[in-house]
There are 2 protein chains.
Amino acid sequence: MKKLLMVYAVLIATFMLFLYVYAFREDTNRTEDAMYGGLHGDIGEKYVMVNFQSGIDYWKSCLKGFEDASASLNVSVEYRGATQYDANEERTVLEQVIAKKPAGIAVSAINPDALVVSINKAVEAGIPVVLFDSGAPKSKAYSFLGTDNYNAGVKAANQMAELMGGSGKAAVITLPGQLNHQERTRGFQDTIRTLYPDIQVIAVEDGKGDQLVSGSVAKRLLGEYPDLTGIFATEANGGVGVGNAVKEAGRLPKVKIIGFDTDKGTLDMVKSGIISATLAQGTWNMGYWSLMQLFHLKHGIVQQVADWQGSGMPLVPTYVDTGITVVTRQNVDSYYAK
Amino acid sequence: MKKLLMVYAVLIATFMLFLYVYAFREDTNRTEDAMYGGLHGDIGEKYVMVNFQSGIDYWKSCLKGFEDASASLNVSVEYRGATQYDANEERTVLEQVIAKKPAGIAVSAINPDALVVSINKAVEAGIPVVLFDSGAPKSKAYSFLGTDNYNAGVKAANQMAELMGGSGKAAVITLPGQLNHQERTRGFQDTIRTLYPDIQVIAVEDGKGDQLVSGSVAKRLLGEYPDLTGIFATEANGGVGVGNAVKEAGRLPKVKIIGFDTDKGTLDMVKSGIISATLAQGTWNMGYWSLMQLFHLKHGIVQQVADWQGSGMPLVPTYVDTGITVVTRQNVDSYYAK
């Protein structure tokens, strides 16, 4: 009977020990969770990316950044967009997204005006909105994350001047109606005028964002100016169109081409030497830091002042420049999608 | 004996159950930690803020942002700086910080050149460096987070034009040798010239960042120009000096003053109506988002490409505009330190 009691005692003691150890560990974990929890949300917290022409390659890296940030922060994301280049369609999609009251929305605006009313409605309803890639400065969105397009034009000009040996005739093929393309063109022209007086920009033409239109514009310019040695296309389709035109006209490698963005068509032409350089935008950073800002807005992790609305102080940095890189044959391999 | 066996069996079963439950919970926790861990570092991971004139009020909110981010991310921070306005002293402090191999350094550079060699040494040794408030564009630092000073000048000009009723004579008192003050002045002048042709900027003078010097410059200008009705001081001491001079000359409220920053002296003059407006910088955001970038650089949470060095792609957004706000009597109360 004494032996039996001993066995009981030992069993109960062991049991209590386990209980104590595990209970204690649980407590420790809880404390660590509070202390070392870091920045994290809830998997039911959904952030939405809204854009236009949602199927094109360009957005893939933006979305990857958005998704990577959601993994960092343990929240969910959804990708929505107008399939066409259509302002009404994008507005409809945005309105549908707002109706579901998501935790935050990152919008790339098809033009500066079309979405202002919807964006403001979302912000007034307490849904954080940031803009990426193309902005809507008159809206109440908290910030814009994207390329400094004027600076992109400056970089293109410096690269072009080097390719042209500092003198000769150059042309720009662009989208004259869109703000970002106007800024790229202005940065290019200002820089050539100021720093490279021996280079002349003889034409700024409309390529309509289309490969064939841009190609035929280039063909005409090549005919009009036999001494043309540089063409800057401010968007991707234009660059490929110009590349085809210059090649067909047999004016390679004398005519140097600078394109824009890093779609496969452009990269292939950089690799084969038809396009001398293209400009890569920081698309992953647009997506990643958009979500990072939305998360901070949603969770109120911002400067604390007495009266927010009244202070007028911005809650998050108002503009995030995601950078621009010159891509040439030397570094082109890094830019192919993996 | 049978009863005894039953008791044993029940005890053992209960024990196994507890073991199972707790072991299972532990497993769940571990999975949750990996899945829902969020962004967090280690408390032994130290990030350092380095600046100059480290004792002045201006930095307090930058440091608060830096500290708040360290709490978000569960890392440690340290505040170091040159006590004087002395480039050699800041360089020495920075070198001492680098020698301790911290997880990252946020530097406010006393001038664009003095720290370039040290900053590059840190980056080459694998220590992430970002610049805040005042940059060093020629260095290898990953980014700059601060005010768009040209835009601050634009805002000051629009505010001044409103105060002056769109016409009259205005002057600027600035620090002509420093880049940020040059940009504020240029933004002011460009905007007045372009948008307000009936306002004339009759003088741009050096206030040497000093209250008394700025005051005596203002006194002289008030004497020379009896019809002067607007003075823009591009830094805090100057604004207070100008405020005293205009008050003593009995030229209030006819002469409107716009100051800079939100030190107590300036805010008091805004509150009492001597200074009509001042410009608040997003200092908390400078500190917060500097640490956020350093953390991402340290942990390699950046876009993944085939060959980083070769690609030339920026790892984090290259410029973060922390915003600027116009502070008037209406919203001044929000800006006093709590």
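Here the structure is a predicted model, which is why all the values come from computation and not from measurement. (Residues numbered from 1 in each chain as written. Chains lettered and ligands numbered in written order. Predicted model: local features only at pLDDT ≥ 70, side-chain atom pairs only at ≥ 80, totals over all residues. Heavy atoms only, no water.)

Visitor: Before we go on, may I ask you to explain the overall build of chain A in this structure?
Guide: Along the backbone of chain A there are eleven helices and twelve strands. In terms of overall dimensions, chain A is more spread out than a globule: its C-alpha atoms have a radius of gyration of 27 Å, far above the 20 Å expected for 338 residues. Each principal axis of the C-alpha distribution contributes one length, and for chain A these read about 110 × 50 × 35 Å. When each of the 338 residues of chain A is scored for burial, the buried share is 53%. The contacts in chain A between residues at least 6 apart in sequence include a share of 73% that link residues at least 24 apart. Carbon and sulfur atoms provide 55% of the accessible area of chain A, an area that totals close to 15100 Å². A distance of 4 Å separates the average location of the 31 positive side-chain charges in chain A from that of its 35 negative side-chain charges. (Helix = DSSP H or I, 4+ residues; strand = E, 2+ residues; numbered from the N terminus. Rg over C-alpha atoms; globule rule 2.2 N^0.38 Å. Buried < 20%, exposed > 50% of the residue type's maximum accessible area, 1.4 Å probe, protein only. Contact = heavy atoms within 4.5 Å. Areas by Shrake-Rupley, 256 points an atom, 1.4 Å probe, with all protein chains shown as cover. Lys, Arg positive; Asp, Glu negative; His and termini not counted. Charge placed at Lys NZ, Arg CZ, Asp CG, Glu CD.)

Visitor: Even after reading the chapter, I still don't get the UniProt feature "domain: Periplasmic binding protein" (unreviewed entry) in chain A, so can you show me in this structure?
Guide: The feature "domain: Periplasmic binding protein" (unreviewed entry), as given by UniProt, occupies residues 48–297 of chain A in the numbering adopted here. Overall, residues 48–297 of chain A shows 47% helix and 21% strand. The separation of its end C-alpha atoms is 14 Å. (UniProt positions renumbered as here; feature names shortened; annotations may be inferred.)

Visitor: Is there a simple way to explain the packing of helix H7 (residues 211–224) of chain B against helix H8 (residues 236–248) of chain B in this structure?
Guide: The description of two helices packed together rests on the angle between their axes and the distance between the axes. Residues and elements named next belong to chain B. Remark: H7 packs on H8, axes separated minimally by 7 Å, with the N-to-C direction vectors making an angle of 45°. Taken together, the axis directions place H7 and H8 in an arrangement best described as oblique. In the packing of H7 onto H8, the handedness of the crossing is right-handed. In contact with Gln211, Ser214, Gly215, Ala218, Lys219 and Leu222 of H7, H8 contributes Asn237, Gly238, Val240, Gly241, Val242, Asn244, Ala245 and Val246. For the contact of H7 with H8, a count of residues per class yields six nonpolar, seven polar and one charged. (Axes fitted to C-alpha atoms, helices over the stretch in contact; angles between N-to-C directions. Parallel < 35°, antiparallel > 145°, perpendicular 65-115°, else oblique. Left-handed = near helix turned anticlockwise from the far one by under 90°. Nonpolar A, V, L, I, M, F, W, Y, C, P; charged D, E, K, R; others polar.)

Visitor: What exactly am I supposed to notice about the environment of isoleucine 301 of chain B here?
Guide: Along the chain, isoleucine 301 of chain B turns up in the loop between helix H10 (283–298) and helix H11 (308–311). Residues isoleucine 301 of chain B and leucine 315 of chain B, spaced 14 residues apart in sequence, show a C-alpha to C-alpha distance of 8.9 Å. With residues near it in sequence (within four places) discarded, isoleucine 301 of chain B still touches Ser72, Trp284 and Tyr288 of chain A together with Leu39, Phe295 and His296 of chain B.

Visitor: Please explain helix H9 (residues 264–271) of chain B as it appears in this structure.
Guide: Every α-helix winds through 3.6 residues per turn, so residues three or four apart in the chain are directed the same way. All names here are of chain B. Buried within H9 are the following residues: Thr266, Leu267, Met269 and Val270. In an axial view of H9, the angular spread of the buried residues amounts to 160°, which keeps them on one side of the axis. Check the buried side of H9 and you find it contacts H8, strand S9 (256–260), strand S10 (277–281) and strand S12 (324–327). Within two residues after H9, glycine 273 carries a phi angle of roughly 85°, on the positive side. (Arc of directions from axis to C-beta.)

Visitor: Looking at this structure, I do not really get the packing of aromatic side chains. What am I missing?
Guide: The description of an aromatic ring pair rests on the distance of the ring centres and on the angle between the ring planes. For the structure shown, the criterion picks out 17 aromatic pairs over all chains. Here tryptophan 284 of chain A and tyrosine 288 of chain A contribute two aromatic rings whose centre-to-centre distance is 4.8 Å and whose plane-to-plane angle is 20°, an arrangement assigned as stacked. Residue tryptophan 284 of chain A and its partner tyrosine 288 of chain A are both found in helix H10 (residues 283–299); the two are separated by four residues, about one turn of the helix. Here the two residues tryptophan 284 of chain A and tyrosine 288 of chain A agree in accessibility, since each one is buried. Connected via pairs of aromatic rings, a cluster forms that spans Trp284, Tyr288 and Trp289 of chain A together with Trp284, Tyr288 and Trp289 of chain B. Positioned above the aromatic ring of phenylalanine 260 of chain A is the side chain of arginine 184 of chain A, whose terminal nitrogen or guanidinium carbon lies 3.8 Å from the ring centre. (Phe/Tyr/Trp six-rings, centres within 6.5 Å; stacked < 30°, edge-to-face > 60°. Lys NZ or Arg CZ within 6 Å of the ring centre and 35° of its normal.)

Visitor: Is there a simple way to think about helix H2 (residues 59–73) of chain B in this case?
Guide: Residues and elements named next belong to chain B. For H2, spanning 15 residues, the distance from its first C-alpha to its last is 21 Å, which sits close to the expected 21 Å at 1.5 Å a residue. Where H2 is concerned, the buried positions are Trp59, Ser61, Cys62, Leu63, Gly65, Phe66, Ala69, Ser70, Ser72 and Leu73. Turning to H2, the residues buried within the fold contact strand S1 (46–51), strand S2 (76–81), strand S3 (104–107), strand S4 (129–132) and H10. Within two residues after H2, asparagine 74 carries a phi angle of roughly 55°, on the positive side. (Expected span 1.5 Å × (residues − 1).)

Visitor: Is there a simple way to explain the packing of H8 of chain B against H9 of chain B in this structure?
Guide: All names here are of chain B. At a closest axis distance of 9 Å, the pairing of H8 and H9 adopts a crossing angle of 40°. In terms of their interaxial angle, H8 and H9 are classed as oblique. Two packed elements cross with a definite hand, and for H8 against H9 that hand is left-handed. Packed against H8, whose contacting residues are Ala236, Gly239, Val240, Gly243 and Asn244, the element H9 presents Gly265, Thr266 and Met269 at the interface. Here the contact of H8 with H9 is composed, by residue class, of three nonpolar, five polar and no charged.

Visitor: Any chance you could explain the sheet that holds strand S8 (residues 228–233) of chain B here in plain terms?
Guide: Each strand in a sheet pairs with its neighbour through backbone hydrogen bonds, running either in the same direction (parallel) or in the opposite one (antiparallel). Residues and elements named next belong to chain B. Strands sit in the order S7-S6-S8-S9-S10-S12 across an open sheet of six strands; the sheet is mixed. One side of each edge strand has no neighbouring strand; the edge strands of this open sheet are strand S7 (199–206) and S12. In this sheet, adjacent strand axes meet at a mean angle of 20° when their direction is disregarded. Alignment of strand S6 (residues 168–174) against S8, held across five bridges, turns out to be parallel. Along S8, the bridge assignment pairs isoleucine 173 with alanine 233. (Pairing = 2+ DSSP bridges.)

Visitor: Explanation requested: the pairing of strand S10 (residues 277–281) of chain A in the structure shown.
Guide: Within a regular strand, the side chains alternate between the two sheet faces. Residues and elements named next belong to chain A. Burial analysis of S10 places five of its five residues in the buried class, which makes it a mostly covered element. Relative to S10, strand S9 (residues 256–260) runs parallel, the two being bridged by three bridges. Residue glycine 259 lies in a different strand from S10, and its bridge partner there is threonine 278. Each parallel crossover has a hand, and the one from S9 via helix H9 (residues 264–271) to S10 is right-handed. The pairing of S10 with strand S12 (residues 324–327) spans four bridges and is classified as antiparallel. Across the sheet, threonine 278 pairs through a bridge with valine 327, a residue of S12. (Right-handed = clockwise from strand over helix to strand, strands pointing away.)

Visitor: Is there a simple way to think about the confidence of the model for chain A in this case?
Guide: It should be kept in mind that the predicted coordinates are not to be read in detail where pLDDT is low. Residue and element names in this part refer to chain A. Put simply, chain A has an average pLDDT of 92, and 93% of its residues get 70 or more. Low pLDDT (under 50) marks residues 26–36, which in the prediction has eleven contacts with non-local residues, meaning those over four places away or in another chain. Across the interface, the model reports ipTM at 0.85; the global pTM reads 0.86. (pLDDT = per-residue confidence, 0-100.)

Visitor: Is there a simple way to explain the environment of serine 167 of chain B in this structure?
Guide: Residues and elements named next belong to chain B. One can find serine 167 in the loop between helix H5 (149–163) and S6. Taking the C-alpha atoms as reference, serine 167 lies 9.9 Å from glycine 230; in sequence the two are 63 residues apart. With near-sequence residues (within four places) excluded, serine 167 lies in contact with Asp198, Ile199 and Thr229.

Visitor: Any chance you could explain the pairing of strand S4 (residues 129–132) of chain A here in plain terms?
Guide: All names here are of chain A. Of the two faces of S4, both are covered, the one formed by Val129 and Leu131 as well as the one formed by Val130 and Phe132. Sheet topology note: the strand S3 (residues 104–107)/S4 ladder contains three bridges and is parallel. Directly across from valine 107, in S4, lies its bridge partner leucine 131. You can see the chain leave S3, run along helix H4 (residues 116–124) and come back into S4, and the turn it takes is right-handed.

Visitor: Please explain the sheet that holds S4 of chain B as it appears in this structure.
Guide: Pairing in this open sheet of twelve strands is mixed, and the strands run S2(A)-S1(A)-S3(A)-S4(A)-S5(A)-S11(A)-S11(B)-S5(B)-S4(B)-S3(B)-S1(B)-S2(B) from one edge to the other. The strands lining the two open edges of the sheet, one partner per strand, are strand S2 (76–81) of chain A together with S2 of chain B. Neighbouring strand axes in the sheet, compared pairwise and without regard to direction, differ in orientation by 20° on average. Sheet topology places strand S5 (residues 144–146) of chain B next to strand S11 (residues 319–321) of chain B; three bridges connect them, and they run parallel. Looking at the pairing, glycine 146 of chain B lines up with aspartate 321 of chain B of S11 of chain B. Packed onto the sheet, H10 of chain A meets strand S1 (46–51), S2, S3, S4, strand S5 (144–146) and strand S11 (319–321) of chain A and runs at close to 165° relative to S4 of chain A.

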